[in-house]
Amino acid sequence: MPKNHKNTMMELIDALWFKRRDIISDGFDESLKYISKIIPLKIHKIPSGTKCWTWTVPEKWSVKEAYIEEVSGKRILDLNDHPLHVMSYSLPVNKIIGKKELLKHLRSRPDMPKAIPFEFKYYERDWGFCIQHEKLKELSKEKYKVFIDSKFEKGNLKVGDCTIRGKSKKTIVLVSHLCHPCQANDDLAGVSILVDLAKEISRRNNFYTYKFLFLPETIGSVAYLSGNEKIIPNLKYGIFLEMPGNNNNLTLQLSRQGNTKIDRIAKKIMQNKCPNLKIGGFREIVRNDEMVFNGPGVDIPMVSISRWPYSEYHTSGDSPKIISVEKMKEAKKTVLDILRAFENEISDKDYVPKRTFKGPVFLSGYGLWIDWRKNKKLNQNVEKIMLRLEGDKSVFDIADELNMDFKEVLEYVDKFFKKGLIKKI
Ligand SMILES: [Zn+2]
């Protein structure tokens, strides 16, 4: 599908969408390589068979040839006509079977008779073909030859990681998945926007560190996080960007916590700028890798931005034809605005306070006492803030350590400044 796009996001989609990007596959690796020519990418490799928490990394899978033929040799379906014709991670098969058995191994979409569904069986061993529903009526014989020349072998699950270091180690992680053969919106569109964003963000001076991850869905997140547990405490917030290129309005799915800073900022930005915005709770709009990042034992607040649902999902209809450049740009700008809001809120206002006082400050004498009836949390943290004014932590760090709102701590520490109790360094 060579097209003359000027938009770099569409170029990436055109270049990669038709590849066989199964979760561990040559097509996936080639796609990561393509991205690594646009942005610097560290590639994490996790070998097949590796135990990752309760999961195990599957084998690499490839397929050379697959078809269904009548016994006479008349071909009914051929992998060469469309890569989706064979179920991803299908077992090899070479036999003559009855029509009844064949039908058990065929997947079609009665609601979309012209579409070839995208189907996979990563963890259960089975074989299967995917076929246009309207083609089923051509199956008039009693016996068929089924042939799939696929291979399972040891390989490496790969995760592309573009980390852009900011002043703080505190990291916002942005995730999209690069797997799914021949699917454009799910989720190459997300990948493409994040690649463009990474390029743009790397040219700025940032307060936060940004980590962009391009991975195979679910198992990629599990493999990456289980192998990098020590960095999890630095991953403060996350955005999962998926299916952002079709013509629907944007939707926002909140984090599991539902009211963290990323939820509040995303809500505020998107309510102002996105027409007819739909907002839903965790796992109520779309279900994906946020279950890993925001799930048990990890729990990084992660919102999910998408244009879900759309009818072409997981079918041959999910091609660049349904991707709108304008919608891609809108989604990119939305994420960028959210990140900017994070940056502006903190980077302009943050400073390192150093005390000039000795002994505990006489709070009520300086008008610094906080009534517990009015603000219990701040009241309980007043001394903890006072003990952190040694010139080695910024206001942001203090707020973060105490799990408090940055603005609230800033307002309070500013009062110390106005009374001459701290210097700004
Ligand atoms: Zn999908």
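Residues numbered from 1 in each chain as written. Predicted model: local features only at pLDDT ≥ 70, side-chain atom pairs only at ≥ 80, totals over all residues.

**Some details on the overall build of the protein chain**
Worth spelling out the cut-off: Numbering of helices and strands runs from the N terminus, with a helix taken as a DSSP run of H or I at least four residues long and a strand as a DSSP run of E at least two residues long. Contacts here follow a simple rule: the backbone-placed C-beta atoms of the two residues must lie within 7 Å.
Looking only at helices and strands, the protein chain has 11 helices and 18 strands in total. A principal-axis box enclosing the C-alpha atoms of the protein chain has dimensions of 100 × 45 × 40 Å. Within the protein chain, contacts between residues at least 6 apart in sequence are counted, and of these 78% link residues at least 24 apart.

**Some thoughts on the pairing of strand β11 (residues 171-177)**
If a strand is regular, its side chains alternate between the two faces of the sheet. The cut-off we apply is this: Exposed residues have 12 or fewer other C-beta atoms within 10 Å of their own C-beta, buried residues have 20 or more, and partly exposed residues fall in between, where C-beta atoms are placed from the backbone. Here, strands pair whenever DSSP counts at least two bridges between them. With the strands aimed away from the viewer, a crossover counts as right-handed if its path from the first strand over the helix to the second runs clockwise.
Summarising burial for β11: seven of the seven residues are buried, a large majority. Here β11 shows a buried face lined by Thr 171, Val 173, Val 175 and His 177 and a second buried face lined by Ile 172, Leu 174 and Ser 176. Here β11 runs beside strand β12 (residues 209-215); their pairing, made up of seven bridges, is parallel. Paired with Leu 174 across the two strands is Phe 212, which belongs to β12. Taking the sense of rotation as the criterion, the β-α-β connection linking β11, helix α4 (residues 188-201) and β12 turns out right-handed. Bridge analysis of β11 against strand β13 (residues 235-242) gives five bridges, and the strand direction is parallel. Looking at the pairing, Val 175 lines up with Phe 240 of β13.

**Some points on the sheet that holds strand β9 (residues 143-153)**
Threshold: Axis geometry follows a simple rule: fit a line to the C-alpha atoms, using only the stretch in contact for helices, then measure angles between N-to-C directions, giving values from 0 to 180 degrees.
With antiparallel pairing, the four strands of this open sheet are ordered in space as β5-β4-β9-β6. Looking along the sheet, the strands with just one partner apiece sit at the ends: β5 (75-78) and β6 (93-98). On average, each strand axis in the sheet is tilted by 15° relative to the strand beside it, whichever way the strands run.

**Some thoughts on the domain arrangement of the protein chain**
For clarity, the cut-off: What marks off one domain from the next here is an automatic or database domain assignment.
Split into domains, the protein chain comes out as domain 1 (8-57 + 156-346), domain 2 (60-152) and domain 3 (353-424). For domain 2 versus domain 3, the separation of C-alpha centres amounts to 67 Å.

**Comments concerning helix α2 (residues 26-36)**
For clarity, the threshold we go by: What the arc measures is the spread of directions leading from the helix axis to the C-beta atoms.
Taken together, the buried positions of α2 are Phe 28, Ser 31 and Ile 35. Taken end-on, α2 shows its buried residues confined to a sector of 60°, consistent with a single buried face. If you follow the buried residues of α2, they end up packed against α1 (8-16), β10 (156-164), α4 and β12.

**Structural notes on helix α11 (residues 406-418)**
This is how it is decided: Given the number of residues in a helix, its expected span is that number minus one, multiplied by 1.5 Å.
When the terminal C-alpha atoms of α11 are compared, their 18 Å separation across 13 residues agrees well with the 18 Å that a helix rising 1.5 Å per residue should span. Three or more residues of α11 are buried, namely Phe 406, Val 409, Leu 410, Tyr 412, Val 413 and Phe 416. In this structure, the buried residues of α11 make contact with α8 (325-347), β17 (353-355), α9 (376-386), α10 (395-401) and β18 (422-424). Two residues or fewer after α11 comes Gly 420, characterised by a positive phi angle close to 75°.

**Topic: the environment of Lys 268**
Here Lys 268 shows up in helix α6 (residues 261-273). Remark: the alpha-carbon pair of Lys 268 and Ala 341, spanning 73 residues in sequence, is separated by 9.8 Å.

**Remarks on the sheet that holds strand β1 (residues 42-47)**
One open sheet accounts for eight strands, arranged β1-β10-β12-β11-β13-β16-β14-β15; its pairing is mixed. Two strands in the sheet have a free side with no partner beyond their single neighbour: β1 and β15 (278-280). Each strand axis lies, on average, 20° off the axis of its neighbour in the sheet, ignoring direction. Contacts from helix α5 (residues 219-227) reach β1, β10, β11 and β12 within the one sheet, and its direction differs from that of β10 by about 70°.

**Structural notes on the nonpolar core**
Inclusion rule: Any nonpolar core is a set of buried residues, restricted to Ala, Val, Leu, Ile, Met, Phe, Trp, Tyr and Cys, that join up through C-beta atoms within 7 Å.
Ranked by size, the top nonpolar core spans 107 residues in total, and within it Ile 13, Leu 174, Ile 193, Leu 194, Val 335 and Val 409 carry the most contacts. When residues of this core are assigned to their parent elements, the largest contribution, nine residues, is made by α4. Setting aside residues no more than four positions away along its own chain, Leu 174 makes contact with Leu 194, Tyr 210, Phe 212, Ile 239 and Leu 241.

**Notes on the environment of Gly 190**
Among the structural elements, Gly 190 can be located in helix α4. Residue Gly 190 is classed as buried on the basis of its C-beta count, with 29 C-beta atoms lying within 10 Å. Once residues lying within four places of it in the same chain are set aside, the contact partners of Gly 190 are Ser 176, Leu 241, Glu 242, Met 243 and Pro 244.

**Concerning the packing of α6 against α8**
Two numbers describe a pair of packed helices, the interaxial angle and the distance between the axes. What counts, and what does not: Here roughly perpendicular refers to angles of 65 to 115 degrees, roughly parallel to angles under 35, roughly antiparallel to angles over 145, and oblique to all remaining angles. Helix crossings are classified by the rotation of the near helix relative to the far one: an anticlockwise turn of less than a right angle makes the crossing left-handed, while a clockwise turn makes it right-handed. Each residue receives one of three labels: charged for Asp, Glu, Lys and Arg, nonpolar for Ala, Val, Leu, Ile, Met, Phe, Trp, Tyr, Cys and Pro, and polar for the others, Gly being one of them.
One can describe the packing of α6 onto α8 by two numbers: an axis separation of 9 Å at closest approach and a directional angle of 135°. One finds that α6 runs oblique with respect to α8. Judged by the sense of rotation from one axis to the other, the crossing of α6 with α8 is right-handed. Together, Ile 265, Ala 266, Ile 269, Met 270 and Lys 273 of α6 and Thr 334, Asp 337, Ile 338, Ala 341 and Phe 342 of α8 make up the contact between the two elements. For the contact of α6 with α8, a count of residues per class yields seven nonpolar, one polar and two charged.

**Focus: the pairing of strand β16 (residues 302-306)**
With five of five residues buried, β16 lies mostly within the body of the structure. Here strand β14 (residues 251-253) runs beside β16; their pairing, made up of three bridges, is antiparallel. Across the sheet, the residue bridging to Thr 251 is Ser 306, located in β16.

**Brief notes about the packing of α4 against α8**
Packing of α4 against α8 brings their axes to within 10 Å, and their N-to-C directions diverge by 55°. One finds that α4 runs oblique with respect to α8. Once α4 is placed against α8, the crossing between them reads as right-handed. Residues Ala 189, Ile 193, Asp 196 and Leu 197 of α4 form the contact with α8, whose participating residues are Met 328, Ala 331, Lys 332, Val 335 and Leu 336. Taken together, the residues of the contact of α4 with α8 sort by class into seven nonpolar, no polar and two charged.

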